[in-house]
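# Observations on chain architecture
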Amino acid sequence: MKNLVYIALFGLLLSGCQDVVYLDLPNGKPLLVVDGEISDQAGKKFLKLSYSIPYDKQGEFPVEANAVVRLFEDSVEVAFYTADSIPGLYSTTFTGTTGRSYFITIETLDGESFYSLPEMLNRVPEIDSIYAPYIDFPAPFEDGNYALFDTWEPAGLGDCYRWRQYINGQYLGGPFYLVVRDDRLVDGNNLVGFQISFDPLLVGDSFYLEQMSITRSAYEYWTLVVTQTAQVGSNFDPPPAPVIGNIRNSNNEDDLVLGYFSAVGLRGAGVRVN
Amino acid sequence: MKRILFLLLFIQVGFIYGQKKATLSGYLKDAKSGETLIGANVVAEGTGLGVSTNAYGFYSLALPSGQYTIKFYYLGFETEVRNVELTTDLTLNVEMKESSVELQEVVVTEDLDKNVKSVEMSTTQLTILEVKAIPQLLGEVDVIRSILLLPGVTTVGEGASGFNVRGGNIDQNLILLDEAPVYNSSHLFGFFSIFNGDAVRDLKLYKGGIPAEYGGRLSSVLDVRQKEGNTKAFHGAGGIGVLSSRLMLEGPIVKDKCSFMVAGRRSYADLFLKLASDPDLRQNQAYFYDLNAKVNYQIDDKNSVFLSSYFGRDIFSFSDLFRFSWGNKTLTLRWNHLFSDKLFSNFTLLVSDYDYSLGVPTGDQAFDWISGITNVYAKADFSYYLDPKSTVRFGGSMLYYGFDPGKATPGPETTVFIEFAVPNKYAVEPGVFARIDRKIGTRFTLQAGLRYSHFLRLGEETIYIYDENKPKSPETIVDSVHYGNGEIISSFYGLEPRFSANYLIDDESSVKLSYNRTRQYIHLVSNTTSATPIDVWTPSGPHVKPAYADQIAGGYFRNFRNNRYELSGEIYYKKMYDLLDYKNGAELILNPTVETEMLSGDGTAYGLELMLKRNGKIWSGWISYTLSRSEMLVKGQYPEETINNGNPYPNNWDKTHDFSATGNYNITKYWQVSAIFVYQTGRPVTYPDGKFEQNGIIIPVYNNRNSSRIPHYHRLDFSVTYDFKKNENKNYKQSIVFGAYNLYGRRNAFSIFFRQSEENPLQTEMVRLSILGSIVPFVTYNFQF
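Residues numbered from 1 in each chain as written. Chains lettered and ligands numbered in written order. Predicted model: local features only at pLDDT ≥ 70, side-chain atom pairs only at ≥ 80, totals over all residues. Heavy atoms only, no water.

### Some points on the overall build of chain B
- For chain B, the helix and strand inventory stands at 6 helices and 51 strands.
- Each of the three principal axes of chain B carries a C-alpha extent, and together these read 90 × 65 × 50 Å.
- By the burial criterion, 62% of the 785 residues in chain B qualify as buried.
- Within chain B, contacts between residues at least 6 apart in sequence are counted, and of these 66% link residues at least 24 apart.
- Accessible surface computed for chain B: about 29,500 Å², of which carbon and sulfur atoms make up 58%.
- Distance from the positive charge centre (79 side chains) to the negative charge centre (84 side chains) of chain B: 7 Å. (Helix = DSSP H or I, 4+ residues; strand = E, 2+ residues; numbered from the N terminus. Buried < 20%, exposed > 50% of the residue type's maximum accessible area, 1.4 Å probe, protein only. Contact = heavy atoms within 4.5 Å. Areas by Shrake-Rupley, 256 points an atom, 1.4 Å probe, with all protein chains shown as cover. Lys, Arg positive; Asp, Glu negative; His and termini not counted. Charge placed at Lys NZ, Arg CZ, Asp CG, Glu CD.)

### Observations concerning the packing of aromatic side chains
Residue and element names in this part refer to chain B.
- Throughout the structure, instances matching the rule amount to 49 aromatic pairs over all chains.
- With 6.0 Å between their ring centres and 15 degrees between their planes, Tyr 573 and Tyr 606 make a pair best called stacked. In this pair, Tyr 573 is assigned in strand β37 (residues 565-582) and Tyr 606 in strand β38 (residues 598-614), connecting sequence segments 33 residues apart.
- The exposure class assigned to Tyr 573 is partly exposed, which follows from its relative accessible area of 39%.
- The structure contains a cluster of three or more aromatic residues connected by ring pairs, namely Phe 234, Phe 260, Tyr 732, Tyr 781, Phe 783 and Phe 785.
- The positively charged end of Lys 512 is found above the aromatic ring belonging to Phe 557, 4.2 Å away from the centroid.
- Across from the ring centre of Tyr 548, 5.7 Å away, lies the NZ or CZ of Arg 519, which sits over that ring. (Phe/Tyr/Trp six-rings, centres within 6.5 Å; stacked < 30°, edge-to-face > 60°. Lys NZ or Arg CZ within 6 Å of the ring centre and 35° of its normal.)

### Focus: the side chain of Gln551(B)
All names here are of chain B.
- Along the chain, Gln 551 falls in strand β36 (residues 547-560).
- In this structure the side chain of Gln 551 is engaged in a polar contact, spanning 3.1 Å, whose partner is the backbone oxygen of Lys 207.
- Setting aside residues up to four positions removed in sequence, Gln 551 forms contacts with Arg 166, Lys 207, Gly 208, Ser 514, Tyr 515, Asn 516, Tyr 572, Tyr 573 and Lys 574. (Polar contact = N/O pair within 3.5 Å; in protein donor to acceptor, adjacent residues only side chain to side chain.)

### A closer look at the interface of chain A and chain B
- With 85 residues of chain A at the contact, the number on the chain B side is 78 residues.
- Where chain A abuts chain B, roughly 7,300 Å² becomes buried across the two surfaces, and 63% of that area is made up of carbon and sulfur atoms.
- Connecting chain A to chain B are 4 salt bridges.
- The salt bridge involving Asp19(A) is made with Arg747(B); its shortest N-O contact spans 2.5 Å.
- Our count for the contact surface shared by chain A and chain B stands at 28 residue pairs in polar contact (both at pLDDT 80 or more).
- Elements that contribute at least two residues to the side of chain A that touches chain B include exactly α1 (4-14), β1 (17-21), β2 (32-39), β3 (45-51), β14 (160-167), β17 (190-195), α2 (216-229) and β20 (258-272) of chain A.
- A per-element tally of the side of chain A that touches chain B places α2(A) first, with 10 residues.
- Of the residues contributing to the side of chain A that touches chain B, the split by class is 51 nonpolar, 22 polar and 12 charged. (Buried area = accessible area lost by both parts, 1.4 Å probe. Salt bridge = Lys/Arg side-chain N within 4 Å of Asp/Glu carboxyl O. Nonpolar A, V, L, I, M, F, W, Y, C, P; charged D, E, K, R; others polar.)

### Notes on the confidence of the model for chain A
- On average, residues of chain A carry a pLDDT of 90, and 93% of them reach 70 or more.
- Here residues 1-15 of chain A is modelled with pLDDT under 50, and outside its nearest four sequence neighbours on either side it reaches 36 contacts, counting other chains as well. (pLDDT = per-residue confidence, 0-100.)

### Brief notes about the nonpolar core
- If you look at the biggest cluster of nonpolar residues, it comprises 110 residues, and the most contacted ones within it are Phe163(B), Phe195(B), Leu222(B), Phe324(B) and Tyr401(B).
- The dominant element in this core, judged by the number of residues it contributes, is strand β24 (residues 343-360) of chain B, at 5 residues. (Core = buried A, V, L, I, M, F, W, Y, C linked by side-chain atoms within 4.5 Å.)

### Some words on unusual backbone geometry
Residue and element names in this part refer to chain B.
- The omega torsion of the bond from Gly 459 to Glu 460 falls at 20 degrees, within 30 degrees of zero and hence cis.
- As for its position among the elements, Glu 460 is in the loop between β29 (444-458) and β30 (461-466).
- Residues other than glycine seldom take positive phi values, yet Leu 188 does so here, at roughly 55 degrees.
- One non-glycine residue, Asp 256, adopts positive backbone phi at about 65 degrees.
- Along the chain, Asp 256 turns up in the loop between β19 (244-254) and β20 (258-267).

Set out below in structure tokens:
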């Protein structure tokens, strides 16, 4: 329900003044972060291993460049991730299949080992069309070209989705571009004219959209990420909470490991603004 | 429990029978308006015997036959004296005159020794005049903002809806408007409350020692009563302010018998949008309004009825893109009947409703989403004035709830959305209570009460059954059971003992002690810093336990200088069981399995409250200080059912030190100044231990909930009232109030939050959010006729 965004907007109307401040924050120990996914598309799939840093420290995140990463399909080892030229980045060309489940194991040089909880690779519908018309919005929203797309939602409750956006080949990171939805309000319907971009596009821009099926567990993870990074700064913030994904330390289940390893069905489509 | 029953029994048999007695009874009223006076004192001079008028202005005093001088006292009114020869039962209705506002301080009357002599503790009564004397945000007379100045009452922050009493959450307050429970007391997301100052007569807040007639919430009762309407003459009052304008009219329909009161208020921020050059902006709406109406009919000496109603709403709309509105409706029908001079009764039938609706009105993504709670409530209360030293109250009530957790309906042209509804839930809550107030000797006063409440969750509804060996989630549903219409799904019940005692050390000081157990069967499902209008109430049931609390409080009360100063010091300790909290990242809206997002925990709150109040016509005000702690512990069976690693954490509204001073000074007949100063410890917040990057998003790592605090909060508000000189001897009176909220413009923090920098997304920053971070001036013009 994109219109929930407008509710957030009401929140913003009420939010008073914001000032950047400097505080002495606690220094937590570095924790391993896993950022990767396996999809049903051909080509290289990347996985990144890094470490957390104190919040008030600016700069690069340290990487884990010397790990051994293996991929399992339905509990059978199917691939070995090779280290990329960029330290901390690993890749495999293995392609996933809908209906199968995937997990990884990670061993680091200092003898620690980790694994991800199995993820099912779920069905994903095609993006039927994508277009970027000029839309005349009532104030206070800006007029301009916005990306809209049509797709369909397979019948049967329980499907969850995530979308990733690229402008001129540049991935749009940051909490406000993280869009995750489930099919509760749209189950089995044709979804026509879904607005995905919230900033107007420029003429000449090319916009690319990735539509991914994700598991319920990944949906809950990314929803939590949204609440912790995008829904902040108003009277209506949800309580800060630890964002814990599906990665575990094999030797100590209670040890905190960060990030998520996902299995996704993936479809993409692009449009150029004329 | 047994002990309390024993005590009740003991009190019962302690009654003295013998001497022939006659009963003096009647109503006390304001001579000018005909409004009944609540809590006025009636004393038979020289006997040490007396009684207070009840919530309906009625008193009854049984005395041995004889000659008496009866004195009637009420704060701000001239004392009335009547000599009576009491041989048979006698009705004596008395009208009292407001004392004139002269420049010399009036003699402070004996009425004010209630602080010391009444068995009530942890209780504050404020008249609307006292509330109006406080400088207010944008000049809006605000009942809830005013009670925040009392000890033991806190809020998460500026603009947050509701209030927190002695460490309890906002849903633990029973907010009554003419006896009707109000489910959302806020306008404008929490900035203002729904009570129009011109329609309200007085309010009373119980923080502890809650009498047995009140039930259903753990922490407090806020009893707000609307004006009854002038039975003598037609009058009106109103005002024009920065935020809103209001008008109240009242008068007799039949003189001295039947009166009416109607009041309205509307905010008009959006009217300024009409001046905007952009036609789109002109179509936007953002306002709230209230309508209050009441008809009061005194049928005869033994019967009176009133019909009271409130209707209010907040409305926002952005052109034809989006609209959002919410509001309360209440309707109360009340009948007071005197069965005899000693047996007073009250019968109330009421309806209360809160609902919201939001949606996109047109287009292929049109939808309409509604949700709400409906209440029908019937109750009967009886007061039996046994003898001058004892009053027995008893009664019963029946409450019906209909919960509509949410229904989203697609618009006619939409092809995108399907209809989606979380099924309605139903419940009834019967209750009975009995309570006795008894003086023992000259120094002891006891109030012992017992309430029995029952809660039945009823069909029609389908209840999911979850795998007992796994944390609840939509995936662990193993079965479901369908209950037919009216079929009992769950049943909860329990006793709620209430007890208060007062021991008079001397005429000017006393010690008091109270204990109460309270039970709460419905919960506000909210997981944001400040509750939003779309948060829904949910009943206890198979997966949500009812909450209960035990509170014990003790205090020392002392009046000085002929009751000019009232001092109180109280300590309290409160344990709250089976409170709701939520899983990390919980989705609470339009969720048919919302129970899977809920956790259960226990709360603990304790504190010290000090208050010094000065009564007087020239100088009045109070200083309050609270030292307190409120924390929560959520430790479930599984890691996802545990918060803060199973360690206790302070609640968002926990403010260690909370100091406020309120003062009001009449410089001359025409000029009056008022000021408030508030100082509080900053509320708890969670600071991250670290951060990590995933998919281009920098995510904070939070470990210890609410282990840090935002900076201290302090603020000075100021107002000046000028009463026009020509007011004297004229029916049309005018005044102008101007002032400022946050006079020295401190940027008080509401929260500190953490985000990726907008300029450089690879960097993170810490941001202080201030809601009212600068001076907010106002001017209001008031009139009455």
